[in-house]
Amino acid sequence: MRKSDRQIIIAPHITEKSSEMMAKNPKGEKSYVFKVSREANKIEIKKALEKIFSVKVKNVNTICQRGKVKTMGKFSGKRADWKKAIVTLCSGESFPEFEV
């Protein structure tokens, strides 16, 4: 069963590195980073972003992040694995919600 667009795109992933990618603007194209569902593929991510935000997506790169092992005293555990998508928009397009 296909997930809805809001279930595919979980949240924007705002870090210092992703903020630099948003500000850097080679050829008029901007890149944004999103936390996405682990089961989603590049095509589903592209369609979901185009539908939700009404923008033209040029490229989607995905990375599966492994959860870190954390210890607290004598107990150890593991954070959940997650997937992030680096989305490049066509020149002239942007997400007005994320402008710095």
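What you see is a predicted model; the values in this text were computed from it and never measured. Every chain is numbered on its own, with residues counted from 1 as its sequence reads. Confidence filtering applies because this is a predicted model: local features only for residues at pLDDT of at least 70, side-chain atom pairs given and counted only at 80 or more, and all residues used for totals across whole chains, interfaces and linings. Where side-chain values are given, they derive from all heavy atoms of the structure, hydrogens and water being excluded.

A. Summary view of the overall build of the protein chain. The numbering of helices and of strands both runs from the N terminus, where a helix is a DSSP run of H or I of at least 4 residues and a strand a run of E of at least 2. In terms of helices and strands, the protein chain carries three helices and six strands. C-alpha atoms of the protein chain, sized along the principal axes, occupy 55 × 35 × 20 Å. With a 1.4 Å probe rolled over the protein chains alone, any residue whose accessible area is under 20% of its type maximum counts as buried; one over 50% counts as exposed, and the rest are partly exposed. Relative to its 100 residues, the protein chain shows a buried fraction of 30%. Working rule for contacts: check all heavy atoms of both residues, and any pair within 4.5 Å makes them a contact. At a minimum sequence separation of 6, the contacts of the protein chain that also span at least 24 residues come to 65%. Working definition of accessibility: Shrake-Rupley area with a 1.4 Å probe, residue cover restricted to the visible protein chains. As presented, the protein chain carries roughly 7100 Å² of accessible surface, and 51% of it is formed by carbon and sulfur atoms. Seen as two clouds, the 23 positive and the 11 negative side-chain charges of the protein chain have centres 7 Å apart. Charge assignment in this entry is limited to Lys and Arg as positive and Asp and Glu as negative, and neither His nor the chain termini are counted. To locate a charge, the coordinates of NZ of Lys, CZ of Arg, CG of Asp or CD of Glu are taken.

B. Expanded view of helix H3 (residues 42–53). Between its terminal C-alpha atoms H3 stretches 16 Å, which fits the 16 Å expected from 12 residues at 1.5 Å a residue. Within the sequence span of H3, burial applies to Ile45, Ala48 and Leu49. Buried positions in H3, seen along its axis, are confined to an arc of 95° and lie on one side of it. Facing away from the buried surface of H3 by more than 90 degrees, the exposed residues are Ile43, Lys47 and Lys51. Close packing links the buried residues of H3 with helix H1 (5–8), strand E1 (9–12), strand E2 (31–36), strand E3 (57–65) and strand E6 (82–89). Looking one or two residues past H3, Ser54 carries a phi angle of roughly 55°, positive in sign. Given a helix with a known number of residues, its expected span is that number minus one, times 1.5 Å. To obtain the arc, one takes the directions from the helix axis to the C-beta atoms.

C. Expanded view of the pattern of salt bridges. Here a salt bridge means any side-chain nitrogen of Lys or Arg lying within 4 Å of a carboxyl oxygen belonging to Asp or Glu. One pass over the structure, following the stated rule, counts three salt bridges. Here Lys3 ties to Glu39 by a salt bridge, and the two come within 3.3 Å at their closest N and O atoms. Taken together, the residues span a long stretch of sequence, with Lys3 in the segment before H1 and Glu39 in the loop between E2 and H3 at a distance of 36 residues. Among the residues examined, Glu39 registers a relative accessible area of 61% and is labelled exposed. With its nearest N and O atoms 2.8 Å apart, the salt bridge here joins Asp81 to Lys78. For Lys78, a relative accessible area of 52% corresponds to the exposed category.

D. The side chain of Lys83, seen in detail. Following the sequence through the fold, Lys83 ends up in strand E6. At 7.6 Å, Glu44 is the nearest oppositely charged side chain to Lys83, a buried residue that forms no salt bridge. In terms of polar contacts, Lys83 uses its side chain to reach the backbone carbonyl oxygen of Ala40, at 2.6 Å. Excluding anything up to four places from it in sequence, Lys83 contacts Phe34, Lys35, Val36, Ser37, Arg38, Ala40, Thr62, Ile63 and Cys64. For this analysis, a polar contact is any N or O atom pair within 3.5 Å, provided that within protein one partner can donate a hydrogen and the other can accept it, and provided that sequence-adjacent residues contribute only side-chain to side-chain pairs.

E. Inspection of the sheet that holds E3 at higher detail. Only strands that DSSP links by at least two bridges are regarded as paired with each other. Read from one edge to the other, the open sheet built from four strands follows the order E1-E2-E6-E3, with strand pairing classed as antiparallel. If you trace the sheet from one side to the other, it starts and ends with E1 and E3, each paired once. Direction aside, the axes of adjacent strands within the sheet are offset by 30° on average. Two strands pair when backbone bridges link them, and E2 and E6 are joined in this way by six bridges, in the antiparallel orientation. Its bridge partner being in E6, Lys35 is matched across the sheet by Lys84. The axes used here are C-alpha line fits, helices contributing only the stretch in contact, and every angle between their N-to-C directions lies in the interval 0 to 180 degrees.

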